[in-house]
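# Analysis of the macromolecular model
Okay, here's what each chain looks like letter by letter:
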Amino acid sequence: MDTLTIWQSLIIALWVAAIMSRSFLGGATLTLRFSPLMTGLVVGIVMGDIAGAMVITAAIQLIYMGVFSPGGTMPSEPSIAAAIAVSVALLGDLSPEAAIAVAVPVGLLGSYLYQFRFFLNTFIGKATDRAVESLNHKAISRSIVLYPTIASFILFVPLVFIALFWGAPVIADVIATLEGTVFLHILEVVGGGLAAIGIATTIYVIGRRDYMVFFLLAYFMSVIFRDMGITMVTYAIIGTLVAAIFVLSRNNTAKASSANGTNTVDGSDDDDDDDF
Amino acid sequence: MTTDTQKVTLTESKKEMAPGELTNKDVSIAYLRWHFANEIPHSFERYLAPSLLYGMMPVLRKLYKDDNDLRAAYKRQLLFFNTQLTWGGGIITGLMSSMEQERAKQEHNNEEIVMTDDLMYNTKAGLMGALSGIGDSIDSGTVQYIFIAIAIPWAQNGLAAGALFPFIAFATYQLLIGLFFARQGFVMGKSATGLMESAGVQNAIELLSILGLFMMGILAGNYVTVSSSLEFVISGRPFIVQETLDTILPGLLPLVTVMGIYWYYVKKGLKVTRALIWLTLILIVLAAVGIL
């Protein structure tokens, strides 16, 4: 069984730590953390198989649709999951579905590490207090940006490195031996079905129960036209037009009714509906 | 003579101590600093407050020339704070900038302080929850996944663009929309017009929600693969369950799966981990006995 080299493991570990510390790219790290795509690409570059890595990452992405942190708690860390699962899948030449089976538990474990980071930052907060008291502007900036970044790297780099360097070959081995058994069928079914989680989560988060017809419209469109090779960009344009037509026509109705003087409460349809 | 020079130096020093006039540029810099430091110092104690302070530092230094006033302002912006990056963070950095501007003027002119610490904190606290609710579901929950939905087929074909496009598009979107909200928040603090109630923002939220649901429908139709592998032999002829299901309604099982999870969320709340475990268990069992 192949293994990752020390350098490959280290580069991936540094990438993950950079995302988890949220430093360097600021708010842009948001999508790096919530989506496995870029991490999958980095693993692909490091391991010299971009195409293979992207195929696996696409499968992992589907189960992590809708993953973000409402109120700061997140059920999983897709980028940590991708770092391990894509490496394992490339090492063991696994199917994308089998890679999902690796990604899910790793992502769950990763979320505890991210929480632990908040705990470390609580102590660093004392340095901010002291710096504010003495009005030392440079020290304030250091305590807000530099120290938490260093703490995150100390936390994440060794753990991810160990998981990749020693863990990945072992996991790949175990899963490879399962191939050809009924487990493969189960993994495929689970991998295909879990994509529903991400999509259902996104629908729930958007929180417009009254607009579910648009989901159903698109669902049946895509099922009916599946073999026609319509791209996502085309669908996005159609979706934008459908949404625009709806918003425009509703605004016109509101305008017409307020012009009639029957209803002066402009935007009364500003629904107090779904608690999302 | 002496009183005269004293007067001159006094007015001069008073002029020197006068708070600077904040511009759009100051507010943009404050937002960019907040954007950059957003989640770096995240802690259980104060959540994102240090990031807000980091964003506001240049603004506060321009406004408060007296050390004690500056220290008080720093502490004011270091109280517990948690909100979403662009909607919450943008509007609140803009709003706090204009409120601090008022406060600095009132302190400098020895007027009665209308912009009290309480008023400022309550404004922040009142907005941060509501705005993060809107911001999270629109940005992270909808816009981000619209970009990802477009790029997934590229990734499936092994193209790097599948990763690069959503990242670049979403990062650019967040930066621009955050700057927009920061400036709007700054103006709002002066004129007190309800930005969130404006027709434009309401329409944009609606359009994005519909587009988000639409793209999820497309994704579900293309990528949720749940099918029955059940086959019977009835009086010598094979009977394939999935074929019958397809004649009833194509794509029935994936839709049932998605709607089943959605229904679970509606009943039990957004318990993603639990739904994940339940669905995995159900799929394992159904696959093992040969139904799926």
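Located above this text is the structure these notes cover.
Presented here is a report on the structure given in the accompanying data block. (Residues numbered from 1 in each chain as written. Chains lettered and ligands numbered in written order. Predicted model: local features only at pLDDT ≥ 70, side-chain atom pairs only at ≥ 80, totals over all residues. Heavy atoms only, no water.)

Looking now at the pairing of strand E1 (residues 231-234) of chain B. Residue and element names in this part refer to chain B. As paired elements, E1 and strand E2 (residues 237-240) share four bridges and run antiparallel to each other. Residue Ile 234 lies in a different strand from E2, and its bridge partner there is Arg 237. In sequence, E1 turns back onto E2 through a hairpin of two residues, with Ser 235 there showing a positive phi of about 40°. (Pairing = 2+ DSSP bridges. Helix = DSSP H or I, 4+ residues; strand = E, 2+ residues; numbered from the N terminus.)

Facing the 101 residues of chain B at the interface are 103 residues of chain A. Across the chain B/chain A interface, buried area totals approximately 9300 Å², and carbon plus sulfur atoms make up 75% of it. The largest contributions to the chain B side of the interface with chain A come from B:Ile40, B:Leu213 and B:Phe214, which together make up 8% of the buried area. There are five salt bridges connecting chain B and chain A. Taken together, the connections running from chain B to chain A amount to 21 residue pairs in polar contact (both at pLDDT 80 or more). Elements that contribute at least two residues to the side of chain B that touches chain A include exactly helix H2 (24-37), helix H3 (49-63), helix H4 (67-76), helix H6 (117-156), helix H7 (161-191), helix H8 (199-223), helix H10 (252-268) and helix H11 (272-288) of chain B. (Contact = heavy atoms within 4.5 Å. Buried area = accessible area lost by both parts, 1.4 Å probe. Salt bridge = Lys/Arg side-chain N within 4 Å of Asp/Glu carboxyl O. Polar contact = N/O pair within 3.5 Å; in protein donor to acceptor, adjacent residues only side chain to side chain.)

Before going further, it helps to spend a moment on the packing of aromatic side chains. Going through the model one piece at a time under the given rule, you end up with 24 aromatic pairs over all chains. An angle of 10° between the planes, with centres 5.5 Å apart, marks the rings of A:Phe161 and A:Phe165 as stacked. In this pair, A:Phe161 and A:Phe165 both sit in helix H7 (residues 137-178), four residues apart, roughly one turn of the helix. With 4.6 Å between their ring centres and 40° between their planes, B:Trp87 and B:Phe181 make a pair best called tilted. Separated by 94 residues along the polypeptide, B:Trp87 in helix H5 (residues 87-108) and B:Phe181 in helix H7 bring together distant segments of the chain. The residues B:Trp87 and B:Phe181 share a single accessibility class, namely buried. Grouped by ring-pair contacts, the aromatic residues A:Tyr204, B:Tyr262, B:Tyr264 and B:Tyr265 constitute a single cluster. The ring of A:Tyr211 carries A:Arg208 above its face, with NZ or CZ at 4.4 Å from the centroid. (Phe/Tyr/Trp six-rings, centres within 6.5 Å; stacked < 30°, edge-to-face > 60°. Buried < 20%, exposed > 50% of the residue type's maximum accessible area, 1.4 Å probe, protein only. Lys NZ or Arg CZ within 6 Å of the ring centre and 35° of its normal.)

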